[in-house]
Amino acid sequence: MSSEVAATQQPATSQAAPSEAAAAAPPAPAPSKPADVAADDKEKSAKEEKEKSKGSGQVNTSLYVGELDQNVNEAILFEIFNMVGAVSSIRVCRDAVTRRSLGYAYVNFLNAEDSERALEQLNYTPIRGRPCRIMWSQRDPGQRRAGQGNIFIKNLDEAIDNKALHDTFLAFGKILSCKVASNEHGSLGYGFVHYESNDAAEEAIKHVNGMLLNGKKVYVGHHISKKDRQAKIEEARAQYTNVYVKNLDPAVTQEEFEKLFEKYGKITSVALATDQEGKSRGFGFVNFAEHEQAAKAVAELNDTEFHGQKLFLGRAQKKAEREEELRRAYEAAKNEKLSKYQGVNLYIKNLPEEFDDERLQEEFAPFGTTTSAKVMRTPTGASRGFGFVCYSAPEEANKAVAEMNGKMIENRPLYVALAQRKDVRHQQLAAQMMQQNQLRMQQQQAAAAAAAQMYPGAPGMYYPQPPGAAPVVGLNQFPGQVRPPYAPGMMQGMPPMAPGQAPYAPGQFPPPGGMFPQGYRPPRPPRGGAAPPPAGALPAGVPAGAPRGGNAPAAPAQPEVLTAAALANASPEEQKQMLGEAIYPKIAASQPQLAGKLTGMILELPVGELLHLLEDDEALASKVDEALTVLREYETREGTQAPN
């Protein structure tokens, strides 16, 4: 491709050079320098310009590296770019919440020569199977958005990639950036080339526009910003001449259809849509010679009757444009509805089964004017245990939340909060989970460091992971680093293992830690002054009959009865502990290997809602499914896989 362009351009360049030289030559020809002396002068002047730019502090040693795989990190880039020259720093840009790579990075060298060499040698080289794209880092946003020297190429062959496009257009000047637009299926057939100077862009447009590249005639022109393109499109749409007509009577013929529009001006074409049998499909198109004629026809005939049918006339649109307008209208209506009920719609859970819409409205009527109240029900008519109440003002809704949240109705504490969309709730739950993981990792690292200082060289206490369980990786760890198989919450209250004592057998282990809220510990012995377990007995929460250091059988632990009075007398941390001990066995019955993580996620809910989950197994199963969905999405993003 580049040879084809070069071959095409050589005659034009050779013909233009003599005329330019003749126009610029003085009347008396001056003696010319030898070729080697001229080359030395040129090299000397280039060095002087480089030294001058160094003295002025304008040397750019920072490179932008794009088109990177998400698994490429700073260490990989340092290993590649440090072979070219001394690298001062590397930063892979990441998402602020998920910490996933955004696909580009910045590499800073100590001197300009190394950065220029890296740009020449490493541009378009594969990194983890994907060719990278390197360009000079432009810190001035004004210059980046100016668009000077930027050209647009379309109708490209699918085989043309970034490097091929770069090699093709390199003959016209220094290229700052070159990219072929693509998606997961390959090239989209268009690309962009950004030159250092506008003159180079003009030369490329002049000589390549209309040429054949890989057998396809390409279009090359100045790049126009999306805002300007949209303005031109809207201007063209405003001057439409093609009219779309629908709601036509099937008995209307082509002649009648054309005669209807003859009085409005010259018609260039008329098309009445028909099916395979030649019958009218009830719509058609009329194209006028001028926009004024088309606008007059639309203004006078729209919503008028013709053969007993009320016509609709409007500007003819393409299918993609109609779909875009419908999508924008749908989004606008949805946003308007959300903004209308933002701050006034309440979500109420843990409702008694006999509650209906009237009873729900009665309970919330004292706090303001309720516009609607609805209890959600199953297809059979049974209450789902939750509903919605909408007020006329945000102040009334806030007052209802403050007064009704946690209120006991028929021995059930209500949960009342402002209604949220499902995707918003999932995002909040994922963000909470991420923050908890970061906090747990910091606590574990601090505990491990403290244990190493207190017991140097000791193997440490731990609970083995279940067979086949995937290691849990923290958010602030590099790939390959596995967190220790213990957590601070798992070590509290546990006696040290006797020398030679065997760990718990595979499959018989306490609940895994690392995902529980702060202050939560594994199940403990019953309250009420019970004597501590005898030496060698298994801790609470371990199934009876699990192997121990000795062979004596152990008595099974009696579960503690959880009551509202016991919760009321307990501290917030103890409440979470008691609720966790009651919820964990229910979750372990269906998700044994993920019970610890799912319990920790669910314990973030309010105490009133947790009590409702203990009473309603169906609600608990639904909440477990929701937490499991969030956990799977998070682990998929982080590149880990939870055990099935």
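These notes cover the structure that comes with them. All of these numbers come straight from a predicted model, not from anything done at the bench. (Residues numbered from 1 in each chain as written. Predicted model: local features only at pLDDT ≥ 70, side-chain atom pairs only at ≥ 80, totals over all residues. Heavy atoms only, no water.)

1. Remarks on helix α6 (residues 162-169)
Just so we agree on the cut-off: The rule is simple: take the accessible area with a 1.4 Å probe, protein chains only, and divide by the maximum for that residue type; under 20% is buried, over 50% is exposed, in between is partly exposed. Per the convention used, a helix needs a DSSP run of H or I reaching at least four residues, while a strand needs a run of E reaching at least two, with both numbered from the N terminus.
Of all the eight residues making up α6, six are buried; the element is thus mostly covered by neighbouring parts of the structure. Those residues of α6 that sit buried are Asn162, Ala164, Leu165, His166, Thr168 and Phe169.

2. Some words on the nonpolar core
Rules: In plain words, nonpolar cores are sets of buried Ala, Val, Leu, Ile, Met, Phe, Trp, Tyr and Cys residues tied together by side-chain atoms within 4.5 Å. Contact definition: two residues touch when any of their heavy atoms are within 4.5 Å.
Formed by 26 residues in total, the largest nonpolar core has its most connected members in Ile583, Ile587, Leu598, Met601, Ile602, Leu610 and Leu613. Residue assignment for this core shows that the elements contributing at least two residues are α14 (422-454), α17 (572-590), α18 (595-602), α19 (607-615) and α20 (617-638). Per element, the largest residue contribution to this core is eight residues, and it comes from α20. With near-sequence residues (within four places) excluded, Leu613 lies in contact with Ile602, Leu605, Ala619, Leu620 and Lys623.

3. Section: the sheet that holds strand β6 (residues 133-136)
Which entries qualify depends on this criterion: Two strands are counted as paired when DSSP detects at least two bridges linking them. In this analysis an axis means a line fitted to C-alpha atoms, helices contributing only their contacting stretch, and an angle means the value between N-to-C directions, from 0 to 180 degrees.
One open sheet holds the four strands; their spatial order is β2-β3-β1-β6, and the pairing between them is antiparallel. Each end of this open sheet is capped by a strand with a single partner; those strands are β2 (87-94) and β6. Strand-to-strand twist of the sheet, defined as the mean angle between neighbouring strand axes without regard to direction, takes the value 20°. Relative to strand β3 (residues 101-109), β2 runs antiparallel, the two sharing six bridges. Note on β3: the bridge partner recorded for Val92 is Ala105. Sitting on the sheet, helix α3 (residues 74-81) touches β1 (62-66), β2, β3 and β6, and the angle it makes with β2 is about 145°.

4. Remarks on the packing of aromatic side chains
As a reminder, the rule being used: To pair, rings of Phe, Tyr and Trp, with the six-membered ring standing in for Trp, must have centres within 6.5 Å; the planes then decide the type, stacked if under 30 degrees apart, edge-to-face if over 60, and tilted in the middle. Whether a charge sits over a ring comes down to the Lys NZ or Arg CZ being within 6 Å of the ring centre and within 35 degrees of the ring normal.
Applying the stated criterion across every chain, the model contains 17 aromatic pairs. Ring geometry for Tyr244 and Phe285: centres 5.5 Å apart, planes at 45°, overall tilted. Taken as a pair, Tyr244 in strand β13 (residues 242-246) and Phe285 in strand β15 (residues 280-288) lie far apart in primary sequence, 41 residues in all. Exposure remark for Tyr244: the relative accessible area of 23% places this residue in the partly exposed category. Look at Phe285 and you get partly exposed, because its relative accessible area is 30%. Here the aromatic rings of Phe283 and Phe285 are separated by 6.3 Å at their centres, their planes lie at 90°, and the arrangement is edge-to-face. Taken together, the aromatic side chains of Tyr347, Phe386, Phe388 and Tyr415 make up a single cluster linked through ring pairs. In this arrangement the basic side chain of Lys154 is found over the ring face of Tyr219, its NZ or CZ atom lying 5.3 Å from the centre. Between Lys349 and the ring centre of Tyr415, over which it is positioned, the NZ or CZ distance is 5.1 Å.

5. Comments concerning the packing of α17 against α19
Put simply, the test is: Comment on the angle field: the value is read as roughly parallel under 35 degrees, roughly antiparallel over 145, roughly perpendicular from 65 to 115, and oblique elsewhere. Working rule for handedness: look at the near helix, and if it is turned counterclockwise from the far one by less than a right angle, call the crossing left-handed; if clockwise, right-handed. Gly falls in the polar group here, along with every residue not listed as nonpolar (Ala, Val, Leu, Ile, Met, Phe, Trp, Tyr, Cys, Pro) or charged (Asp, Glu, Lys, Arg).
Interaxial distance between α17 and α19 falls to 11 Å at its minimum, and their mutual angle equals 30°. As summarised for this structure, α17 and α19 are arranged roughly parallel, according to the angle between their axes. For the crossing formed where α17 meets α19, the hand is left-handed. Along the contact surface, α17 presents Gln575, Lys576, Leu579, Ala582, Ile583 and Lys586, while α19 presents Val607, Leu610, Leu611 and Leu614. A per-class count over the contact of α17 with α19 returns seven nonpolar, one polar and two charged.

6. A short note on the environment of Phe285
Measuring from C-alpha to C-alpha, the distance between Phe285 and Leu272 comes to 6.5 Å, with 13 residues separating the pair along the chain. Setting aside residues no more than four positions away along its own chain, Phe285 makes contact with Asn242, Val243, Tyr244, Phe257, Ser269, Val270, Ala271 and Ala316.

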